[in-house]
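Spelled out, the chains give:
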Amino acid sequence: MITVYGQCLAAFVFGTTVGVLVQRSRWCNTAALRDAMLFKSYRNTKALLIAMMILTVGFTAMISIGNGNPMRFDVGINQFIGLFLFGIGMVFAGACTVSSWVKTGEGNIGALWALLFLIVGLFVSSLVWSFSFWPLAGPSMTGQANAAALQLGFADALTLQRDTGVPAIVFGVIQAGALYTLYRLILRRERAALVPQGQETPTSIERAASPALGCAATMAKPVSSTRDTLSTLGE
Amino acid sequence: MDFFKKSLDPIVALAIIAVLDIFLFMIVGAWTVGGGETMIAGLFVKSLVGAKEMNRIPFWHLVFKPTWAYWKIYISLGMGFGALVSAILSKEFYWRVPKHLSEWVMITIGGLLMGIGIRLSFVCNVSTFLGLTPEMNLGGYLAVSGLVIGAWVGTLVYKKVLEA
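In what follows, the accompanying structure is described. (Residues numbered from 1 in each chain as written. Chains lettered and ligands numbered in written order. Predicted model: local features only at pLDDT ≥ 70, side-chain atom pairs only at ≥ 80, totals over all residues. Heavy atoms only, no water.)

Quick notes on the overall build of chain A
Scanning chain A from terminus to terminus reveals 10 helices and 2 strands. Along chain A, helices (α) and strands (β) appear in the sequence α-α-α-β-α-α-α-β-α-α-α-α when read from the amino end. Buried residues in chain A amount to 57% of all 235 residues. Of the contacts made within chain A by residues no fewer than 6 positions apart, 60% connect residues no fewer than 24 positions apart. Approximately 9,500 Å² of chain A is accessible, and the part contributed by carbon and sulfur atoms is 70%. (Helix = DSSP H or I, 4+ residues; strand = E, 2+ residues; numbered from the N terminus. Buried < 20%, exposed > 50% of the residue type's maximum accessible area, 1.4 Å probe, protein only. Contact = heavy atoms within 4.5 Å. Areas by Shrake-Rupley, 256 points an atom, 1.4 Å probe, with all protein chains shown as cover.)

Given below as structure tokens:
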């Protein structure tokens, strides 16, 4: 059993490694969605899908052998509403939670400003929760469906494995297969887009992408010459 | 130090992060950022108003008791620290300040919406894509749906703003 200090140390080492790798690769979750929608550029989307595939396999293996620490909270419609607002917010800010920290570390005052107001938003919402007590959280969670609270109870692979007797690996294989299919579709779409233009690499498309909105154009440049062209997070 | 002289393929970066995340999942839990940011918000306000006032707010009494001994905080601080070190070693650290008022406004609204969204859903984008969904949690599927639709709406609105 790892101590609290051990947990914090492991988290810091992990976070530091993530900070270095994301800074060097310029990966951005906002760009993974926005650039795919706006520019049909999938550089960040493909990386996200690969990570999701690896994690699906890894977490399924862990859950199957009774290892790991899955998140436990009552699933509800609040997850959809909350992340809908988050999705709008991250496009407006031009950064997600990861790139906000990473860009702050690079000296981006706009990213620091986004983090400050993210904290303000969190605190204001905590005050609202203190009046509404919705969505259910902490001691009020039951793990059971609760129609009045728009909650569906716990519903992860571990719960499904326990409740239905179907091994988690079945769900894992289906999900990994779905992610792989999506990845292949993106590769096919990229190839289809490149051939008529006579281009050789996706980077060419990313270079051609408008710099008005995003990471895509920035990503394609050599890191040594990379300037943060996310318009909302400024220079 | 060649590592800091050239760009890293994001697929390689995310694959390494995913493998490390599996080990983190075994030790404490999957990678998440929103939980740590929530606790940082609580600690920040607690330092301003004091523990007694903070305890009067049910959320901070029942759900998130502000404490520094919360591992998720250190993921966020680590990301900032790692990026700082990496930016300095690769000579990419420099102060960047948004130039236009419109940028400040968009960042402010965006930051607020992200904070409200995290608190409402109890997850962030990282735990959506790289935590809940790989754990095959129904909350992950709901959150992914919301996030993709939200990003799409945000992109449309942002395009309109730029065009205006």
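Moving on from the coordinates now.
Notes on unusual backbone geometry
Here the bond from Trp134(A) into Pro135(A) is cis, since omega is 0°, no more than 30 degrees from zero. Examined against the element boundaries, Pro135(A) turns out to sit in the loop between helix H6 (109–132) and strand E2 (151–153). The backbone phi angle of Arg26(A) is positive, close to 60°, even though this residue is not glycine. Within the fold, Arg26(A) resides in the loop between helix H1 (4–25) and helix H2 (29–38). For Lys91(B), which is not glycine, the phi dihedral falls at a positive 60°. Turning to its location among the elements, Lys91(B) is positioned in the loop between helix H5 (71–89) and helix H6 (101–121).

Description of the packing of aromatic side chains
Following the criterion strictly, the structure yields 13 aromatic pairs over all chains and no others. Ring geometry for Trp113(A) versus Phe117(A): centroids 4.9 Å apart, planes at 45°, classification tilted. Here Trp113(A) pairs with Phe117(A), and both are found in helix H6, just 4 residues apart, close to one helical turn. Trp113(A) sits in the partly exposed class, given a relative accessible area of 30%. Summarising the aromatic geometry, the rings of Phe64(B) and Tyr70(B) are spaced 5.9 Å apart at their centres and angled 80° between planes, so their arrangement reads as edge-to-face. Each member of the pair, Phe64(B) as well as Tyr70(B), is classed as buried. By way of ring pairs, the aromatic residues Phe123(A), Trp129(A), Phe133(A), Phe59(B), Trp60(B), Phe64(B) and Tyr70(B) are connected into one cluster. Taking the ring centre of Tyr94(B) as reference, the NZ or CZ of Arg96(B) above it sits at 3.9 Å. Over the aromatic face of Phe122(B) sits the side chain of Arg119(B), whose NZ or CZ is 4.5 Å from the ring centroid. (Phe/Tyr/Trp six-rings, centres within 6.5 Å; stacked < 30°, edge-to-face > 60°. Lys NZ or Arg CZ within 6 Å of the ring centre and 35° of its normal.)

Quick notes on the interface of chain A and chain B
At the junction of the two partners, chain A supplies 120 residues and chain B supplies 120 residues. Buried surface at the junction of chain A and chain B, summed over both partners, amounts to about 11,000 Å²; 77% is from carbon and sulfur atoms. At the junction of chain A and chain B, the tally comes to 2 salt bridges. Arg26(A) is the salt-bridge partner of Glu92(B), the closest N and O atoms lying 3.8 Å from each other. In this structure, the connection of chain A to chain B is made through 28 residue pairs in polar contact (both at pLDDT 80 or more). When contributions to the side of chain A that touches chain B are tallied by element, the ones reaching two or more residues are H1, H2, helix H3 (43–64), strand E1 (75–76), helix H4 (77–93), helix H5 (97–105), H6 and helix H8 (168–197) of chain A. In terms of residue count, H1(A) provides more of the side of chain A that touches chain B than any other element does, 18 residues in total. Grouping the constituent residues of the side of chain A that touches chain B by class yields 73 nonpolar, 37 polar and 10 charged. (Buried area = accessible area lost by both parts, 1.4 Å probe. Salt bridge = Lys/Arg side-chain N within 4 Å of Asp/Glu carboxyl O. Polar contact = N/O pair within 3.5 Å; in protein donor to acceptor, adjacent residues only side chain to side chain. Nonpolar A, V, L, I, M, F, W, Y, C, P; charged D, E, K, R; others polar.)

Here we look at the packing of H2(A) against H3(A)
All names here are of chain A. One can describe the packing of H2 onto H3 by two numbers: an axis separation of 7 Å at closest approach and a directional angle of 120°. Looking at the two axes, H2 sits oblique to H3. Crossing of H2 against H3: the hand is left-handed. Contacts between H2 and H3 involve Asn29, Ala31, Ala32, Asp35 and Ala36 from the first element and Asn44, Thr45 and Leu48 from the second. For the contact of H2 with H3, the per-class residue count stands at 4 nonpolar, 3 polar and 1 charged. (Axes fitted to C-alpha atoms, helices over the stretch in contact; angles between N-to-C directions. Parallel < 35°, antiparallel > 145°, perpendicular 65-115°, else oblique. Left-handed = near helix turned anticlockwise from the far one by under 90°.)

Regarding a nonpolar patch on the surface
Residues Ile2(A), Val12(B), Ile16(B), Val19(B), Leu20(B), Phe23(B), Met26(B) and Ile27(B) make up a contiguous nonpolar surface patch of about 600 Å² in total accessible area. Tracing the sequence through the fold places Ile16(B) in helix H1 (residues 10–27). (Patch = residues over 30% accessible without salt bridge, like charges linked within 9 Å, V, L, I, M, F, W, Y side chains within 5 Å.)

Some remarks on the side chain of Asn137(B)
Counting through the fold element by element, Asn137(B) comes out in the loop between helix H7 (125–132) and helix H8 (138–163). Filtering out sequence-adjacent residues up to four positions away, Asn137(B) remains in contact with Met71(A), Val75(A), Ala155(A), Asp156(A) and Leu132(B).

A closer look at the pattern of salt bridges
Close approach of charged atoms allows side chains with opposite charge to pair. All names here are of chain A. Here the structure, examined in full by the defined rule, presents 7 salt bridges over all chains. Between Arg26 and Glu106 there is a salt bridge, with the nearest N and O atoms lying 2.6 Å from each other. Remark: Glu106 occurs in the loop between H5 and H6 and Arg26 occurs in the loop between H1 and H2; sequence separation between them is 80 residues. When sorted by exposure, Arg26 lands in the same class as Glu106, which is buried.

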